[in-house]
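# Structural overview
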Amino acid sequence: MPNPPKDADARRAIAPVICYPVETLPQPDMARYAAAREGMVKMDEVTVPPRDAATFSVPAGHIFRISSVEGPQVGDLNLWNADNLSERFYSGKTRALHGTHITTGDRMWSSIPALRPMATVIHDTLDWYGIDSFGGSVHDVIGTRCDPYTHNLLAGGQYHHCCHSNLSRALADHLGVSVQKAEDYVHDVLNVFMCTGFTRDTGQYFMKASPVRPGDHIDFFAEIDLLGALSACPGGDCSVVHSSDVAECHPLLIEVFKPRQDALQGWQAPALNGYDRTHGR
Ligand SMILES: [Zn+2]
């Protein structure tokens, strides 16, 4: 290892700056969202079986809720623009803007070139959790999704119920295409209810038992027409292992609500990103 420079400590002591200050982002109108939740009417529900996934549709201006039922369970969420599947949830930029975990008031941003809010978190019964003493928090945008390829690298074998495969099968059934074709649209997820962080000593991704309990839920406002897919992760509450049939797993419930009519007066879906895409040419 090269010798550290004489001013190594001084260089390390330089204070960080936030990469993406978010003060100039369009601020979500939380009062409007709160009004929309009041008196909302349930339109649809989908139950996601353990170690499997299901798709669901949410019209722009509606609200969807993901709930823990029966027992602690983590869910891997994919979102697409219902009219254009190439616009999909952009986990990496959402992380860059809002941090490693999202909660009430944060947005799920879509991929470039659209880069606009797809959904806004408007209520989260776990937002009391904050950041624990290990650096862990809930609703993770740092993990990708458990997948059979990484599992094959690390442990060998063919495991078919990782979130990546569950999402691929559910999307294939929805679109009426092969699972290999559907797989191309599956992307990095929001890990709903998952409690994760990076270890302070080695910087490694860790998970720990989710604090979610039956009845806990997270509510999202759909900013555009959405197609969603949710996998009930084979890791269950992700306290021990994932990518196997070892963990105890539970279903997850998705409900779609129509907001009170007058609450959305004057509301408009976010426009596509304003960059002109000429890239200097
Ligand atoms: Zn998973």
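Along each chain, residues carry numbers from 1 onward, in the same order as the chain's sequence is written. Only residues with pLDDT of 70 or above have their local features reported here, since the model is predicted, and side-chain atom pairs are shown and tallied only from 80 upward, although totals for entire chains, interfaces and linings are computed over all residues.

Where an unreviewed UniProt entry is consulted, the chain appears under the name DUF1989 domain-containing protein, with the organism given as Pseudosulfitobacter koreensis.

### Notes on the overall build of the chain
Counting secondary structure elements, the chain contains six helices and 13 strands. Atoms considered for the radius of gyration are the C-alpha atoms alone. The globule rule reads 2.2 Å times the number of residues to the power 0.38. Taking 281 residues into account, the globule formula puts the C-alpha radius of gyration at 19 Å, and the chain, at 20 Å, falls close to it. Taking the principal axes of its C-alpha atoms as reference, the chain extends roughly 65 × 45 × 45 Å. The proportion of buried residues among the 281 residues of the chain is 41%. Every helix listed is a DSSP run of H or I at least four residues long, and every strand listed is a run of E at least two residues long, numbered separately from the N terminus. Whether a residue is buried, exposed or partly exposed is read from the other C-beta atoms within 10 Å of its own C-beta, which are placed from the backbone; 20 or more gives buried, 12 or fewer gives exposed, and intermediate counts give partly exposed.

### As for the UniProt feature "domain: DUF1989" (unreviewed entry) in the chain
Summarizing the sequence annotation, UniProt attributes the feature "domain: DUF1989" (unreviewed entry) to residues 47-227 in the numbering used throughout. The span residues 47-227 carries 19% helix and 34% strand; its end-to-end C-alpha distance comes to 16 Å. UniProt positions are given in the numbering used here, feature names are shortened, and annotations may be inferred rather than shown by experiment.

### A closer look at helix α3 (residues 91-98)
Where α3 is concerned, the buried positions are Ser-91, Thr-94 and His-98. Taken end-on, α3 shows its buried residues confined to a sector of 60 degrees, consistent with a single buried face. Residues are defined as contacting one another if the C-beta atoms placed from their backbone atoms lie within 7 Å. If you follow the buried residues of α3, they end up packed against β6 (107-109) and β9 (190-198). One or two steps after α3, the chain reaches Gly-99, where phi turns positive at roughly 105 degrees. It is the directions from the helix axis to the C-beta atoms whose arc is reported.

### So, the sheet that holds β6
At least two bridges found by DSSP between two strands are what make those strands a pair. Ordered in space as β1-β13-β3-β11-β7-β6, the six strands form an open sheet in which the pairing is antiparallel. Taken across any chain shown, the strands that pair with only one partner, and hence form the sheet edges, are β1 (41-48) and β6. Averaged over all pairs of adjacent strands, the angle between their axes in this sheet comes to 25 degrees, without regard to strand direction. Bridge count between strand β7 (residues 117-124) and strand β11 (residues 217-222): five bridges; the pairing is antiparallel. Across the sheet, the residue bridging to Thr-120 is Phe-221, located in β11. Every axis in this analysis is a line fitted to C-alpha atoms, fitted for helices over the stretch in contact. Angles between the N-to-C directions lie between 0 and 180 degrees. Docked against the sheet, helix α2 (residues 30-37) engages β3 (63-68), β7 and β11, running at close to 70 degrees with respect to β7.

### Things to note about unusual backbone geometry
Note that the residue after Ile-112, namely Pro-113, is joined by a cis bond; omega there is 10 degrees. Mapped onto the elements of the fold, Pro-113 is located in the loop between β6 and β7. One non-glycine residue, Leu-115, lies in positive phi territory at about 30 degrees. By secondary structure assignment, the location of Leu-115 is in the loop between β6 and β7. Owing to 17 C-beta atoms within 10 Å, Leu-115 belongs among the partly exposed residues under this scheme.

### Observations regarding the nonpolar core
When a protein is soluble and globular, its nonpolar side chains tend to lie buried together. The nonpolar core criterion groups buried Ala, Val, Leu, Ile, Met, Phe, Trp, Tyr and Cys residues into a set whenever they are joined through C-beta atoms within 7 Å. Ranked by size, the top nonpolar core spans 60 residues in total, and within it Phe-220 and Leu-230 carry the most contacts. Ignoring anything within four residues of it in the chain, the contact list for Leu-230 reads Val-48, Ala-53, Ala-54, Ile-66, Gly-75, Leu-77, Leu-252 and Ile-254.

### Structural notes on the environment of Gln-27
Along the chain, Gln-27 turns up in the loop between α1 (8-12) and α2. You can call Gln-27 exposed: it has 9 C-beta atoms within 10 Å. Between the C-alpha atoms of Gln-27 and Phe-134, which are 107 residues apart in sequence, the distance is 30 Å.

### Looking at the environment of Leu-226
Within the secondary structure layout, Leu-226 lies in strand β12 (residues 226-232). Sequence-wise, Leu-226 and Ser-57 are 169 residues apart; in three dimensions their C-alpha atoms are separated by 5.7 Å. Filtering out sequence-adjacent residues up to four positions away, Leu-226 remains in contact with Ser-57, Val-58, Leu-79, Ala-82, Met-118 and Ala-119.

### Things to note about helix α5 (residues 163-175)
Because each turn of an α-helix spans 3.6 residues, side chains separated by three or four positions end up pointing in the same direction. The first and last C-alpha atoms of α5 sit 18 Å apart over 13 residues, in line with the 18 Å expected at 1.5 Å per residue. Residues of α5 that are buried: Cys-163, His-164, Ser-165, Asn-166, Leu-167, Ser-168, Arg-169, Ala-170 and Leu-171. In this structure, the buried side of α5 is in contact with β2 (53-58), β4 (75-81), α4 (148-155), α6 (179-183) and β12. Just downstream of α5 lies Gly-176, where phi reads positive at about 70 degrees. Expected helix span is taken as 1.5 Å per residue step, with the number of steps being one fewer than the number of residues.

### A few points about the environment of Lys-6
Tracing the chain through its elements places Lys-6 in the segment before α1. For Lys-6, a count of 7 C-beta atoms within 10 Å translates into the label exposed. When the C-alpha atoms of Lys-6 and Tyr-129 are compared, they prove to be 41 Å apart, with 123 residues separating the residues in sequence.

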